[in-house]
Amino acid sequence: MKRFALPKSSLLRKSGEFNLVYRQGRRLRGPGFLLVCCGSGLPGSRLGISVPAKTGCAVRRNRIKRLVRETFRLHRDIFPSSSDIVFAVRPEFTLDGLNEVRAAVAELTGLPERHDAAAA
RNA sequence: UGGGGCGGACGCAUGAUCGCUCCGGUCUUUGGGCCGGAGAGGAAAGUCCGAACACCGCAGGGCGCGGCGGUUCCUAACAGGAACUUCGGGCAACCGGAGGACAGUGCCACAGAAAAGACACCGCCGAUGGGACGGGCGACCGUUCACAGGCAAGGUUGAAAUGGCGAGGUAAGAGCUCACCGCUUGCGUGGCGACAGGCAAGGCAAGGAAAACCCCGCUGGGUGCAAGACCAAAUAGGGAAACGCUUGAGGACUGCCCGUCCAAGGUUUCCGGGUGGGUUGCACGAGGUGCCGGGCGACCGGUGUCCCAGUCAAAUGAUCAUGGCCUGCAGCAGCAUCGCAGGAACAGAAUUCGGCUUACAGGCCGCCCCAAUUU
RNA sequence: CGGAACGUAGCGCAGCUUGGUAGCGCACCUGAAUGGGGUUCAGGGGGCCGGAGGUUCAAAUCCUCUCGUUCCGA
C-alpha cells in the first residue's frame, strides 16, 4: 500500500453516510469552515467534503474540494484517526493555498505534524 | 506611420515527484500490484431557439393560444447561415433595419382652431350680393362698413398639421394651370424572385404606431435522460392485465368543443409498490480531418484516414525547477541585457448534436478602408 | 440537470393589463399640544422603478440581452 494514496474507498460518497456523521459527529469550528468528526471503527479515516452552491462558481467550488482533498491525502496525521470526517465549507471561506488549509486544520485538531509527511 | 472595418487561429511550454478516473496487456494470495495509453472549452456557461432519442392508452377534426416575417437558396431542423434587394448611418472599408395602417376596432397625454372621411382662433379678401355716405336727370360710378359670403397664403401649438419648390393666375386664394421632384394607376422590358429602370396617363387621394388588438403567409401534440428499460435484496399495507355485465359521476388525450379512450362496482388471471442501490440509456456521431470535384457563397458529393473525457457528494489535481510573456522598481540621455518584486483572463463536461447570446488578461495572422509622409 | 416566479423610498407592498401625474402604510424630519415623554393633529423630505440596449414623440409599463434572489421536481 502506497503511503499517500487516496482511493475512492477513503472518501464518503453516500448521502446516508453524510447524514450519519452530521447526526452523531463532534463539531469543530474553523475559519470559514466546519469539521464534523465521528468515530467509525474502521482502520482508516474517511473524508467527505461539502461545498454549498453559495460559495461561488463551479471552478471555485472544485478548487476548494481539490485543496481539501490534497491536504487530507498528504497530511493524514493531522486529522482524527479511525473516523469519518466531513469538511463543511461555508460561503465565507477565504483560505487559498495548501499551507493555509493545513495550518488551519492542524490548529483546530491540535494533532502534531509528522516531519516526513511535511517534507514530501 | 497613425486611426478604423471585417475575418481566422491561439489562449502558457518543458521536466521531476506525489495523486485521481477509464481502457488494454500481464502477474496474482482475487484485496490488488506492475507496464503502456487516454483524460475539459471556445465559450464546456446562460438555457434563448432548433433537432435527435424516449415515454405519455399511439395524439384525428374544428376553435383558441404561441412562434416566425424583404427575396432566393443552404440545412435533419431553426428565431441560424449565404448571396442578393431596398431604406437608414458612416468620407470610406463596412454596419444596422425589413409583410400589411384604403379588412376592421382602438390609441396619439399636455398644448393647439384643428390629431385624422380635416378645421377656421388670429388672419387675408370682400370680386358677387347687401347696408351707409357722396356724385350723376338717369343708366351707373366712387368711397366706406365687414352683414351675407369667399379663402387657407402667412402666424400660433406640437414629436407629428392633409404633397414640396418656383412661376403663372386671382378680389384674396387654391394642382386652379404649368415645369421639375414626389405620389397613384396602366403598359411593356430585365430578373426564379424581392425589385430595378423606361414610357404614358391621372391630377393630389396620402400622418404615426402592428416590440396595441389584429389581418395575411408559414409553422408548433405534451413531457422531458430526474425521459425510459432491466436486475437483485427486502417486505404485504396494495398494484397490474383481461372481460365490457351494471353505472355514465370523475379523469386522460390539448386550454375548449366534437370524437376517442380511461374509469367506479363485479368476475377471472398475474405480481408487484415505497425507500435506497446496481446495470443500461451513455458516447461511432446530421463526427473530426487531408485530398479531389461542383457552387459567387453558405454548403454539397466522392475518396482516404482517425477514434477523440465518460464522472454520479461528480475524476482531469498539488508541489518544485527551468524557460518564455506582461507590469512595477532600480539602472540608463534613450533602448537592449542583467537584478529584485509581483501578475497571468473568462471559466469546469453531466443524454447527445446544430445554432444564438453573454463573459474573456494577453499577444498572433490575413484581407480591406481613410489620413499623413516618402518615391 | 430540468421547470417556474419575483426585483419600485430605510422596510413591507400598489401602479404594468389598456405606455404620458410614480402612490399607500410603517419609519424619518419640522411645527402644534405637554412641566417632559408617548399618543394625537398639521406640514415636509427622500426614488434616476436591479442593469444595458431597442420600439415609440414619450417606457416603471412593450421587446431583447444580462445580473441577483426565491420556490418546485428523483
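In this report, we go over the structure that sits alongside the text. (Residues numbered from 1 in each chain as written. Chains lettered and ligands numbered in written order. Predicted model: local features only at pLDDT ≥ 70, side-chain atom pairs only at ≥ 80, totals over all residues. Heavy atoms only, no water.)

Right, let's get into the protein's contact with RNA strand B. Near RNA strand B lie 21 residues; those nearest to it are Lys-8, Arg-13, Arg-63, Arg-66 and Arg-73. The share of sugar and phosphate among atoms of RNA strand B within 4 Å of the protein is 69%. Here Leu-12 contributes a backbone N or O atom positioned 3.1 Å from a sugar or linking oxygen of RNA strand B. A distance of 3.3 Å is found between a phosphate oxygen of RNA strand B and a side-chain nitrogen or oxygen belonging to Lys-65. (Near = heavy atom within 4 Å. Polar contact = N/O pair within 3.5 Å; in protein donor to acceptor, adjacent residues only side chain to side chain.)

Turning our eyes to something else, we now look at unusual backbone geometry. Positive phi is not limited to glycine here, since Ser-82 has a value of about 50 degrees. Inspection of the secondary structure assignment puts Ser-82 in the loop between helix 2 (58-74) and strand 4 (83-89). Residue class for Ser-82 comes out partly exposed when judged on its relative accessible area of 31%. (Helix = DSSP H or I, 4+ residues; strand = E, 2+ residues; numbered from the N terminus. Buried < 20%, exposed > 50% of the residue type's maximum accessible area, 1.4 Å probe, protein only.)

This part covers the sheet that holds strand 1 (residues 26-30). Overall, mixed pairing links the four strands, which are arranged 1-2-4-3 in an open sheet. Strands with a single pairing partner mark the edges of an open sheet, and in this sheet they are strand 1 and strand 3 (46-50). Averaged over all pairs of adjacent strands, the angle between strand axes in this sheet comes to 20 degrees, irrespective of strand direction. With seven bridges connecting them, strand 2 (residues 33-39) and strand 4 associate as antiparallel partners. If you follow Val-36 over to strand 4, its bridge partner there is Val-86. (Pairing = 2+ DSSP bridges. Axes fitted to C-alpha atoms, helices over the stretch in contact; angles between N-to-C directions.)

Let's shift gears to the environment of Phe-18. Looking at the secondary structure, you find Phe-18 in helix 1 (residues 15-24). The spatial distance from the C-alpha of Phe-18 to the C-alpha of Pro-91 is 19 Å, given a sequence separation of 73 residues. Excluding anything up to four places from it in sequence, Phe-18 contacts Leu-12, Arg-13, Gly-48, Ile-49 and Val-86. (Contact = heavy atoms within 4.5 Å.)

Turning our eyes to something else, we now look at the pattern of salt bridges. Counting across every chain of the model gives two salt bridges. We note a salt bridge from Arg-46 to Asp-84, for which the minimum N-O separation is 3.0 Å. Of the two residues, Arg-46 sits in strand 3 while Asp-84 sits in strand 4, which places them 38 residues apart along the sequence. Across this residue pair, the class does not change: Arg-46 and Asp-84 are buried. Residue Arg-73 is joined to Glu-70 by a salt bridge in which the shortest nitrogen-to-oxygen separation is 2.5 Å. Here the residue Arg-73 and the residue Glu-70 both occupy positions in helix 2, the gap between them amounting to three residues, near one helical turn. (Salt bridge = Lys/Arg side-chain N within 4 Å of Asp/Glu carboxyl O.)

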